[in-house]
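As a plain string of letters, each chain reads:
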Amino acid sequence: TGVGLVVYHLSPLALPLANLLMLPVEAGFRRMFVARARRTLRRVNPVVIGITGSYGKTSTKEYLAHILRGRYEVLATPKSYNTLMGVCLTINTDLKRSGPLDYFIVEMGAYVGGEIRAICKLTRPQISIVTAVGPQHLERFGSIEATARAKYEIIEALPRNGVGVFNWDDHEVRTMYERGYPDTRIAVTWENAEHATQLRFLARKVRQTVDGLSFEVVDTLLREREQFSTPLVGKHNVTNILLATAVARHLGMPLREIAMRVATLESAEHRLQRKTLPGGITIIDDAYSANPVGARNVLDVLALYQDGRRVLITPGIVELGPLHAQENQILGRLAAKVCTDIVLVGAEQTRPIQQGIREASFPEEHLFVCDTRDEAIAWFHREL
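Residues numbered from 1 in each chain as written. Predicted model: local features only at pLDDT ≥ 70, side-chain atom pairs only at ≥ 80, totals over all residues. Heavy atoms only, no water.

### Overview of the overall build of the protein
To be explicit about the condition: Only DSSP runs of H or I covering at least 4 residues are called helices, and only runs of E covering at least 2 are called strands; the numbering of each starts at the N terminus. Only the C-alpha atoms count toward the radius of gyration. The rule for a globule is 2.2 Å times the residue count to the power 0.38. For every residue, the accessible area obtained with a 1.4 Å probe (protein chains only) is divided by the maximum for its type, and the residue is called buried under 20%, exposed over 50%, and partly exposed between those limits. The contact definition used throughout considers only heavy atoms, calling two residues in contact when any of these lie within 4.5 Å.
Secondary structure assignment for the protein yields 14 helices and 14 strands. The C-alpha radius of gyration computed for the protein amounts to 23 Å, which stays within 12% of the reference 21 Å derived for 384 residues, consistent with globular compactness. Its C-alpha atoms put the protein at 85 × 60 × 40 Å along the principal axes. For the protein, with 384 residues in total, the buried portion stands at 49%. By sequence separation, contacts in the protein at least 24 residues apart represent 64% of the contacts at least 6 residues apart.

Below, the structure written as structure tokens:
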């Protein structure tokens, strides 16, 4: 009986102790997995293009892969497989089975410093893109400065003769460009196109409608101009397309050919993805991971629809650390100007949004606060 009591009282410790004992075994398997990926990558030997940023990296990756596939053999890490193990999995399965490959596009994410450096140590990118540095995951990094240092690891990992591609419209990314490494640096802009004419790629005359985006792309070095049109919406996609264009043009594709590929771009999954239901309701699915810039762009897109009801269903923006209340309050004020109906998921976590909505004198009868996602879905089916 005494032994039974001891075992009973110690049973809650069994799982933590087992995990502790398995740590060396798991570490060994991880090293083997990485070593196998390194051998496979060395054998196939594609040019590696790395992409990172607080947001925009998955969309930019998908757009670049689509553009380059017009004339090259390309593999990109799927979905958001942007950790070291996720990249290894792609290499050990998809890349291992691929035929001859020209380019391997690797999305790189990070929650702490050093993660991108580890992925770069494995993949050794020759071209690196930085999309943006923002408060996304601020509660993990602690500060914008720490986030910027983590993202800059993808530039530090480049050889001196590598190529860095930068979003000039983002202050932190612009600072990276101005640090002067590597020798070949390409910057793109559309928000500052009238003032930063010395940069390589500019987008001008940006126009957004329900049908998509149109703008003129200028290559200032080669003095080329081309009109771009795409069914994508969201002005942040101008930046993503410009970054992809910069790489494709550097790799030899003419602007006209790039424009033809851009015309057939599709949204990345759950990122401003539009579909129309049988009843005529248009769904704009931006559910993957909200950030302040993307949320504002989504509301701009929603405002384009002038007929019928404009409904926002959201749990708000998360992982913003000390900026959570401020940014969600701003989101509430902006939503109140655009939406006819607002459905918030999670009464406690959406209090800052509720405050912003009420500050904008939004009619209370069109604001609905649900406890769960299922309640929000039920509201959708009942009301729409």
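### Some details on helix α9 (residues 236–250)
To be explicit about the condition: Multiply 1.5 Å by the residue count of a helix minus one, and that product is the helix's expected span.
Under the 1.5 Å per step criterion, the end-to-end length of α9 is 22 Å for 15 residues, consistent within 8% with the ideal 21 Å. Burial of α9 is extensive: 13 of the 15 residues sit out of reach of the surface. Backbone geometry just after α9 places G252 at a positive phi near 110 degrees.

### A closer look at the pattern of salt bridges
Using the following cut-off: Salt bridges, as used here, are contacts in which a Lys or Arg side-chain nitrogen is within 4 Å of a carboxyl oxygen on Asp or Glu.
Counted by the stated rule, this structure contains 17 salt bridges. Between R333 and E359 there is a salt bridge whose closest N-O contact spans 3.0 Å. Linking R333 in helix α12 (residues 324–338) with E359 in helix α13 (residues 351–359), this pair joins segments that are 26 residues apart in sequence. Between R382 and E383 there is a salt bridge, with the nearest N and O atoms lying 3.7 Å from each other. Overall, the relative accessible area of 58% leaves R382 in the exposed class. Shared partners join several salt bridges into a network, and the residues in it are R200, D219, E224 and R249.

### What about the packing of α12 against α13?
Note the threshold: Only the stretch in contact is used when a helix axis is fitted, and all axes are lines through C-alpha atoms; the angle between N-to-C directions ranges over 0 to 180 degrees. When describing relative orientation, an angle under 35 degrees is termed roughly parallel and one over 145 degrees roughly antiparallel, while 65 to 115 degrees is termed roughly perpendicular and anything else oblique. Note on convention: the crossing is left-handed when the near helix lies turned anticlockwise from the far helix by less than a right angle, right-handed when the turn is clockwise. Residues are grouped as follows: Ala, Val, Leu, Ile, Met, Phe, Trp, Tyr, Cys and Pro are nonpolar; Asp, Glu, Lys and Arg are charged; every other residue, Gly included, is polar.
It is at 7 Å that the axes of α12 and α13 come closest, and there the two elements cross at 40 degrees. The orientation of α12 with respect to α13, classified from their angle, is oblique. Classified by chirality, the crossing of α13 by α12 is right-handed. Taken together, the residues of α13 that come into contact with α12 (itself represented by H324, A325, N328, Q329, L331, G332, R333 and A336) are P352, I353, Q355, G356, I357 and E359. Partitioning the contact of α12 with α13 into residue classes produces six nonpolar, six polar and two charged.

### What to know about the environment of I155
Structurally, I155 can be placed in helix α7 (residues 144–156). Residue classification places I155 among the buried positions, given a relative accessible area of 0%. Separated by 72 residues in sequence, I155 and T83 place their C-alpha atoms 17 Å apart.

### Focus: the sheet that holds strand β5 (residues 163–167)
Using the following cut-off: Pairs of strands are assigned from DSSP output, requiring at least two bridges between the strands.
Here nine strands make up an open sheet; going across it, the order is β2-β3-β1-β4-β5-β6-β7-β8-β9 and the pairing mixed. Edge positions in the sheet fall to β2 (74–76) and β9 (224–230), since each of these pairs with one other strand and no more. Recorded for the sheet is a direction-independent mean angle of 15 degrees between the axes of neighbouring strands. With seven bridges joining them, strand β8 (residues 212–219) and β9 adopt antiparallel strand pairing. If you follow E216 over to β9, its bridge partner there is Q227. Here helix α3 (residues 57–68) sits on the sheet and contacts β1 (47–52), β2, β3 (103–107) and β4 (127–130); the angle it forms with β3, its principal contact strand, is near 170 degrees. Contacts between α7 and the sheet are confined to β1, β4 and β5, with β4 contributing the most and set at about 160 degrees to the helix.

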